[in-house]
Amino acid sequence: MGSHLSRSSVSLRRFALGDIAAVHGWFNDKEATKTLVGQRKTFSEEEAEAWTRSAIEDGEDRKYAILVEGTDEPVGFTALYGLERDSGPELGALIGGDWRNRGVGRPAEALTIAKAFGEFGAHRVYGEIPVFNEAAKSVVASLGWRYEKTLPGHGKRDQESFNCELWSVVPPDFYAAAADLALD
Ligand SMILES: CC(C)(COP(=O)(O)OP(=O)(O)OC[C@H]1O[C@@H](n2cnc3c(N)ncnc32)[C@H](O)[C@@H]1OP(=O)(O)O)[C@@H](O)C(=O)NCCC(=O)NCCS
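Everything quoted here is computed from the prediction, not taken from an experiment. (Residues numbered from 1 in each chain as written. Predicted model: local features only at pLDDT ≥ 70, side-chain atom pairs only at ≥ 80, totals over all residues.)

### Focus on the site of the ligand
Inference 1: Inspection of the region around the ligand gives 21 residues, with Thr 35, Gly 105, Glu 134, Ala 135 and Ser 138 positioned closest.
Inference 2: Where the shell around the ligand is concerned, the elements lending two or more residues are β4 (90-95), α4 (105-118) and α5 (134-141).
Inference 3: In terms of residue count, the dominant contributor to the shell around the ligand is α5 (five residues). (Near = placed C-beta within 6 Å. Helix = DSSP H or I, 4+ residues; strand = E, 2+ residues; numbered from the N terminus.)

Right under this line is the structure:
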């Protein structure tokens, strides 16, 4: 594990076709995908291209490539799923390769949540997190999120189901908890 990065070295940008190889790498990274609610058995280059093309479009979801200062390729992505929902969008995040646990996820998720509240006018952002995903829970807890309830058997992997937790955040709690990140 390397040392933590400063918030200013992490930024978001929209996806471009040049990101297909990076996308292909993330979804074939077994360590990265094993803590997701759902894991694809295979993820081909064609699927990576289709994923990237849809990420470029402005639909009901928004996906952002995460950049770390000094690297050429994005190191992962964040997503807001279902921006049209009254209940608020769902946050997604995945950091690839050697970049997990180095302080990228917290600022990247914070920048994404700030977009949900600021740019898209959401009143709440929520997330479904596998009960064993300690890194994901630690990051959202540090950004003012609260545990709401357990969703029994909500995730499934190789015929085995597991519990997930529903977490959510509202603007005052988020901005208080993320004050150290100087998001404005
Ligand atoms: C979840 C994820 C996005 C977080 O991003 P990240 O860059 O690794 O997060 P950070 O480095 O900013 O913070 C991770 C925190 O979790 C903590 N953590 C990691 N593993 C932990 C564990 N097993 N138990 C307790 N805390 C843990 C770290 O100590 C760190 O907290 P700290 O900064 O206070 O030390 C990233 O780990 C990831 O992509 N995981 C794979 C995909 C995934 O699970 N996505 C979320 C699906 S719900």
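### Brief notes about the environment of Thr 33
Inference 1: Within the secondary structure, Thr 33 is located in helix α2 (residues 30-33).
Inference 2: In this structure the C-alpha to C-alpha distance between Thr 33 and Ile 95, which are 62 residues apart in sequence, comes to 9.5 Å.
Inference 3: With near-sequence residues (within four places) excluded, Thr 33 lies in contact with Phe 27 and Gln 39. (Contact = placed C-beta atoms within 7 Å.)

### Observations concerning the nonpolar core
Inference 1: With 39 residues, the main nonpolar core has Ile 66, Val 104, Ile 113, Val 125 and Leu 143 as its most contacted residues.
Inference 2: Contact partners of Val 104, with chain neighbours within four places excluded, come to Leu 5, Val 10, Ile 66, Val 68, Val 75, Gly 76, Ile 95 and Trp 99. (Core = buried A, V, L, I, M, F, W, Y, C linked by C-beta atoms within 7 Å. Buried ≥ 20, exposed ≤ 12 C-beta atoms within 10 Å, placed from the backbone.)

### Thoughts on α4
Inference 1: Here α4 is 14 residues long and its end C-alpha atoms lie 20 Å apart, about the 20 Å a rise of 1.5 Å per residue gives.
Inference 2: Taking burial as the measure, the 14 residues of α4 include ten buried ones, the bulk of the element.
Inference 3: Buried within α4 we find Gly 105, Arg 106, Pro 107, Ala 108, Glu 109, Ala 110, Thr 112, Ile 113, Lys 115 and Ala 116. (Expected span 1.5 Å × (residues − 1).)

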